Amino acid sequence: MEKEICTISIATNWLGDEYIFYENHTIKRVYDNHSLNSNKSEWLKPKEISKQNKDKLIKACPEEFKEQIMQILDYP
């Protein structure tokens, strides 16, 4: 299994929304659709993440991982 860089949560309410970034540039999203449908997961490519969510991810990213995460997300 690839080594994890960090996990960033961009949850806006009581529903979870976390992105897990790995060193091989893969991204796993773990999220809740609603209280009865939680911890769903999907693997994403950077182009599948909206600009708005990329902004939130970079803003919430720990400083020591920011440059690496920006590269993975192909962020301006």
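Please refer to the structure higher up on the page.
Basis of the calculations
Residues numbered from 1 in each chain as written. Predicted model: local features only at pLDDT ≥ 70, side-chain atom pairs only at ≥ 80, totals over all residues. Heavy atoms only, no water. Buried < 20%, exposed > 50% of the residue type's maximum accessible area, 1.4 Å probe, protein only. Helix = DSSP H or I, 4+ residues; strand = E, 2+ residues; numbered from the N terminus. Pairing = 2+ DSSP bridges. Axes fitted to C-alpha atoms, helices over the stretch in contact; angles between N-to-C directions. Contact = heavy atoms within 4.5 Å. Phe/Tyr/Trp six-rings, centres within 6.5 Å; stacked < 30°, edge-to-face > 60°. Lys NZ or Arg CZ within 6 Å of the ring centre and 35° of its normal.

Peer 1: Explanation requested: the pairing of strand β2 (residues 17–22) in the structure shown.
Peer 2: Here is the key point about a regular strand: its side chains alternate between the two faces of the sheet. Among the 6 residues in β2, 5 count as buried, and that is most of the element. The pairing of strand β1 (residues 4–9) with β2 spans 5 bridges and is classified as antiparallel. Across the sheet, residue Ser9 finds its bridge partner in β2, namely Glu18. Both β2 and strand β3 (residues 27–31) contribute to a ladder of 5 bridges, which runs antiparallel. Across the sheet, the residue bridging to Tyr19 is Arg29, located in β3. With antiparallel pairing between neighbouring strands as the criterion, β2 and β3 make up a hairpin whose turn holds 4 residues, including His25 at a positive phi of roughly 70 degrees.

Peer 1: Please clarify how the sheet that holds β3 should be interpreted in this entry.
Peer 2: Sheet strands associate in pairs through backbone hydrogen bonding, adopting either a parallel or an antiparallel arrangement. The strand order across the open sheet built from 4 strands is β1-β2-β3-β4, with neighbouring strands paired in antiparallel fashion. Across the chains shown, the open sheet's two edge strands, defined by having one partner strand only, are β1 and β4 (40–44). Strand-to-strand twist across the sheet, computed as the mean angle between neighbouring axes with direction ignored, equals 20 degrees. Running at roughly 85 degrees to β1, helix α2 (residues 66–73) makes contact with β1, β2 and β3 of the sheet.

Peer 1: What's the story with the packing of aromatic side chains in this structure? I'm lost.
Peer 2: Given two aromatic rings, one states the distance between the centres and the angle between the planes to describe the pair. Under the counting rule described, the total for this entry stands at 1 aromatic pair. With a centroid separation of 5.7 Å and 40 degrees between ring planes, the pair formed by Tyr22 and Trp43 is classed as tilted. Here Tyr22, found in strand β2, pairs with Trp43, found in strand β4; they are 21 residues apart in sequence, far enough to count as distant. A relative accessible area of 7% means that Tyr22 is categorised as buried. Just above the ring of Tyr31 sits the side chain of Arg29; from NZ or CZ to the centre is 4.1 Å.

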